[in-house]
Amino acid sequence: MPDGAVPVLDVRNLKTIFRTRGGEIHAVNSVSFDLKPGELLGVVGESGSGKSVTMMSLIGLLPSPPAEVREGEVLFDGTNLLTTDEETLRKIRGDRIGFVFQDPMTSLNPVFTVGFQIMEPLRKHMGLDKAAARVRAKELLELVGIPDAERRLRDYPHQFSGGMRQRVMIAIALACDPKVLIADEPTTALDVTIQAQILELVKELRQKLGMAIIWITHDLGVIAGIADRVMVMYGGQVVEQAPVKDLFANPQHPYTRALLQTVPSVRGDRADRLRVIEGQPPVLGGPPVACPFRARCTHRFDRCDRENPARRDVGAGHDVACFWDAKTEAPIDG
Amino acid sequence: MADGALKPLVEVRNLKMHFPIFSGILRRRAGEVKAVDGVSFDIFEGETLGLVGESGCGKSTAGRAILRLYDITEGSIRIDGAEIGSQPQDDLRAMRPRMQMVFQDPQASLNPRMSVAGIIGEPLDEHTKLSKSEKLDRIYELMDAVGLNRDFANRYPHEFSGGQRQRIGIARALALNPKFIVCDEPIAALDVSIQAQVVNLLEDLQEKFGLTYLFISHDLSMVRHIADRVAVMYLGKVVELAPRDALYTVPKHPYTEALLSAVPEPDPRLEAKVERIILKGDVPSPANPPKGCNFCTRCPKVMEICRSEEPEFREVAPGHFTACHLHDQTKSQTAGKTAASEAQ
């Protein structure tokens, strides 16, 4: 990606909390990132790391209450999405930012035909009439590789298999030719052979349509195959961010390094014993006052318990939030 | 693992598990879902047999059928020398302590109203006559074995994380000193960083107690790690069975090849070199499997014979079995001709 390109999406210092009876839960803490045109940004993290909540916050899809986006700025095309009115936001969501969710069964409406659901955004946002929308819907189904598209438009979601439903979801997300596509674990519910089909499709569509994509997943293998840049999240924060090759070749954060060592592979060497990350993921609560990974970290020292590390640059486009310097194997100064 | 000296602990022969489909006003039997359709394999004492396949291939049904959680349609199952395939459920009770199961979803397989001690102790209540204090000692012993803090014995499942809940499920399965445990996707619901913990625990327990596992999973990389031999299922049948290294390096069946190639590689340099076989279409319905070979509708190497004749499951290399016409010496000549004529 050209470094100088103006980002299509610029997120600054995003903070999202949930109000619960047990107090406030700080689910997303000062998350900042940007997305360049045509880029695929992979977001990796375990459940509860805040990756989905971050993306939902961006486009105002979290129910409020209990959720509250407390701080931050989300610049999309010169508009701050966090302060804009609901009407504009709705237009942007339908039109400019597409969304694909994990479970294609629950995100399609079972009582409407697939054709109706693809045509809905076309008619609402693009102002197409019924006939034109139908033609475009058929094109979209063909684009995502569904055979016999004309006839399939009249089918209901339950008549499609899991992989086919996810293709339909992608077709809906692409309907209005969005600038940004946010895909939240789009292949997690699918089998590997179907996942491979969808990944191929996405690579192909990127070339054809040139949109920017945010791809949320917990699967490092998927990331390795499709991402340009990766953001690793842990405990509601970004702990490391780097170009994909750099991240895998030269991980800096103890969590990223441990994570890369713990996943086995079907190729390459086979270890007799899996490396483990001891302990449990953190339970989120009040505002973070220390490093979220400290309880499981092998490099922990006193400063980690007192302060929450800020992100610092360690290379071209590579930053990490850690007080430990992986290169010198010593605490950083200052 | 596969040397002749080892004796099989579990012998499954031609196992079939068909579920009836009823339809119409009179709920007549309209057909059947052939979830498991003629599966045969052995599991040797002390080994881990991995059973892999995609959703709906019948791997979990096979695992449950082997423990007779279903009344099977046909076939024979011998565990530790005793035939259990046709036994009535009441007679199986005495066998149950020797064969146990760890389930996929630790949330759904633990009773939310029972404490940890209650859950782990339940099999002891049912099958042993231990006194209260002996029972508690045994519960503590089991909690130690799976790495749970004894102080948590009176807590309830919802107070634990997914990984810890899975440990409770494992402790319950171990309570009666089983020889054979079916692990049905035991790590599928867990976070990546927790999966390795549970897999290592299962390996430690195997060594300590001499357990034999049937490890059912869709995660091919984890199976490569834990299994000694691996069986691949597709649409109710085992299409390939081989020692682990042979299966992962020289897969014989086109489905195994495609399945392995589809797994993403967690390293961008290697990932770029992976030659991917993208299968077209979806798995056919097990209620209406295709004629001939089950895989013929999606196979990139399909031949004419595959659409009419079902391939036999045969040994093609020592300990390496596959059901594919490509590897059938008696048919390969005609097959070669067909392929050649098709190419013209």
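Residues numbered from 1 in each chain as written. Chains lettered and ligands numbered in written order. Predicted model: local features only at pLDDT ≥ 70, side-chain atom pairs only at ≥ 80, totals over all residues. Heavy atoms only, no water.

Draft legend 1. Here's a closer look at the overall build of chain A. If you tally the helices and strands in chain A, you get 12 helices and 14 strands. Here chain A has a C-alpha radius of gyration of 21 Å; the compact-globule value for 334 residues is 20 Å, and the two agree. Each principal axis of the C-alpha distribution contributes one length, and for chain A these read about 65 × 50 × 45 Å. Split into buried and exposed, the 334 residues of chain A put 52% on the buried side. Of all intrachain contacts in chain A linking residues separated by at least 6 positions in sequence, the fraction that spans at least 24 positions is 63%. Accessible surface for chain A amounts to roughly 14,500 Å². Of this, 51% is attributable to carbon and sulfur atoms. One finds the centroid of the 41 positive side-chain charges in chain A at a distance of 3 Å from the centroid of its 43 negative side-chain charges. (Helix = DSSP H or I, 4+ residues; strand = E, 2+ residues; numbered from the N terminus. Rg over C-alpha atoms; globule rule 2.2 N^0.38 Å. Buried < 20%, exposed > 50% of the residue type's maximum accessible area, 1.4 Å probe, protein only. Contact = heavy atoms within 4.5 Å. Areas by Shrake-Rupley, 256 points an atom, 1.4 Å probe, with all protein chains shown as cover. Lys, Arg positive; Asp, Glu negative; His and termini not counted. Charge placed at Lys NZ, Arg CZ, Asp CG, Glu CD.)

Draft legend 2. Representation of a positive patch on the surface. Judged by side-chain charge, Arg123, Lys130, Arg134 and Arg154 of chain A come together as a positively charged surface patch. Positionally, arginine 134 of chain A belongs in helix H5 (residues 130–143). (Patch = residues over 30% accessible without salt bridge, like charges linked within 9 Å, V, L, I, M, F, W, Y side chains within 5 Å. Salt bridge = Lys/Arg side-chain N within 4 Å of Asp/Glu carboxyl O.)

Draft legend 3. Region of interest: the confidence of the model for chain B. Residues and elements named next belong to chain B. For chain B, per-residue confidence averages 89 on the pLDDT scale, and residues scoring 70 or more make up 94% of the total. Contacts for the low-pLDDT stretch residues 334–344, under 50 throughout, to residues beyond four places or in other chains number 4 contacts. Reported confidence for the predicted complex is 0.81 by ipTM and 0.86 by pTM. (pLDDT = per-residue confidence, 0-100.)

Draft legend 4. Inspection of the packing of aromatic side chains at higher detail. All told, the structure shown has 11 aromatic pairs over all chains when counted by the stated rule. Arranged with centres 5.2 Å apart and planes meeting at 70°, the rings of tyrosine 255 of chain B and phenylalanine 295 of chain B form a pair that is edge-to-face. Of this pair, tyrosine 255 of chain B sits in helix H9 (residues 254–262) while phenylalanine 295 of chain B sits in the loop between helix H10 (268–271) and strand S11 (313–317), placing them 40 residues apart in sequence. The class for phenylalanine 295 of chain B is buried, based on a relative accessible area of 1%. Both rings, one in phenylalanine 313 of chain B and one in phenylalanine 321 of chain B, keep their centres 5.7 Å apart while their planes meet at 20°; by these two values the pair is stacked. Using a relative accessible area of 29% as the deciding quantity, one classes phenylalanine 313 of chain B as partly exposed. By way of ring pairs, the aromatic residues Tyr234, Tyr255 and Phe293 of chain A are connected into one cluster. Its end group placed over the ring of phenylalanine 160 of chain A, arginine 152 of chain A keeps NZ or CZ at 4.1 Å from the ring centre. (Phe/Tyr/Trp six-rings, centres within 6.5 Å; stacked < 30°, edge-to-face > 60°. Lys NZ or Arg CZ within 6 Å of the ring centre and 35° of its normal.)

Draft legend 5. Representation of the interface of chain B and chain A in the model. Taken together, the contact between chain B and chain A spans 40 residues of the former and 44 residues of the latter. Run the count over chain B and chain A and you get 2 salt bridges. Across the pair aspartate 204 of chain B and arginine 273 of chain A runs a salt bridge whose closest N-O atoms are separated by 2.8 Å. Breaking the side of chain B that touches chain A down by element, the ones donating at least two residues are helix H6 (192–209), helix H7 (220–226), helix H8 (244–249), H9 and H10 of chain B. For the side of chain B that touches chain A, the leading source of residues is H6 of chain B, giving 9 residues. When grouped by side-chain class, the residues that make up the side of chain B that touches chain A number 17 nonpolar, 10 polar and 13 charged. (Nonpolar A, V, L, I, M, F, W, Y, C, P; charged D, E, K, R; others polar.)

Draft legend 6. Spatial organisation of the pattern of salt bridges. Residues and elements named next belong to chain B. Inspection of every chain in the model, using the stated rule, returns 52 salt bridges over all chains. The closest approach of N and O atoms between glutamate 32 and arginine 29, which form a salt bridge, is 2.9 Å. On the basis of relative accessible area, glutamate 32 is assigned to the partly exposed category, the value being 25%. One network of salt bridges, with partners in common, ties together Lys7, Glu45, Asp80, Arg98 and Lys179.

Draft legend 7. How the structure looks around the sheet that holds strand S12 (residues 320–323) of chain B. All names here are of chain B. The strand order across the open sheet formed by 8 strands is S6-S7-S8-S3-S9-S10-S12-S11, and the pairing between neighbours is mixed. The sheet is open, and its two borders are formed by strand S6 (99–102) and S11, each paired with just one other strand. Each adjacent strand pair in this sheet contributes to an overall mean axis angle of 20°, direction not counted. Taken together, the 2 bridges between strand S10 (residues 237–243) and S12 define a ladder with antiparallel strand orientation. The partner of glutamate 240 across the bridge, within S12, is threonine 322. (Pairing = 2+ DSSP bridges. Axes fitted to C-alpha atoms, helices over the stretch in contact; angles between N-to-C directions.)

Draft legend 8. Focus on the packing of H5 of chain A against helix H7 (residues 162–174) of chain A. Residues and elements named next belong to chain A. Where H5 contacts H7, the axes come no closer than 9 Å and their chain directions differ by 130°. Classified by the interaxial angle, the pair formed by H5 and H7 is oblique. Considering the relative orientation of H5 and H7, their crossing is right-handed. The residues of H7 that touch H5, namely those facing Arg136, Leu140, Leu141 and Leu143, are Val168, Ala171 and Leu174. Class assignment of the residues belonging to the contact of H5 with H7 gives a composition of 6 nonpolar, no polar and 1 charged. (Parallel < 35°, antiparallel > 145°, perpendicular 65-115°, else oblique. Left-handed = near helix turned anticlockwise from the far one by under 90°.)

Draft legend 9. Quick look at the nonpolar core. Counting residues in hydrophobic clusters, the biggest one holds 71 residues, and the most contacted among them are Ile170, Leu205 and Leu220 of chain B. It is H6 of chain B that provides the largest number of residues to this core, a total of 7 residues. In this view, leucine 205 of chain B contacts Ala145, Val146, Ile170, Leu174, Gly210, Leu211 and Tyr213 of chain B; residues no more than four positions away in its chain are not counted. Grouped together as the second largest cluster of nonpolar side chains are 64 residues, Val44, Val114, Leu181 and Cys291 of chain A included. (Core = buried A, V, L, I, M, F, W, Y, C linked by side-chain atoms within 4.5 Å.)

Draft legend 10. Representation of helix H8 (residues 192–209) of chain A. Residue and element names in this part refer to chain A. The end-to-end C-alpha distance of H8, which contains 18 residues, comes to 25 Å, matching closely the 26 Å that a straight helix rising 1.5 Å per residue would cover. Looking only at H8, the buried set comprises Val192, Thr193, Ile194, Gln195, Ala196, Gln197, Ile198, Leu199, Leu201, Val202, Leu205 and Arg206. Immediately beyond the C-terminal end of H8, within one or two residues, lies glycine 210, with a positive phi of roughly 65°. (Expected span 1.5 Å × (residues − 1).)

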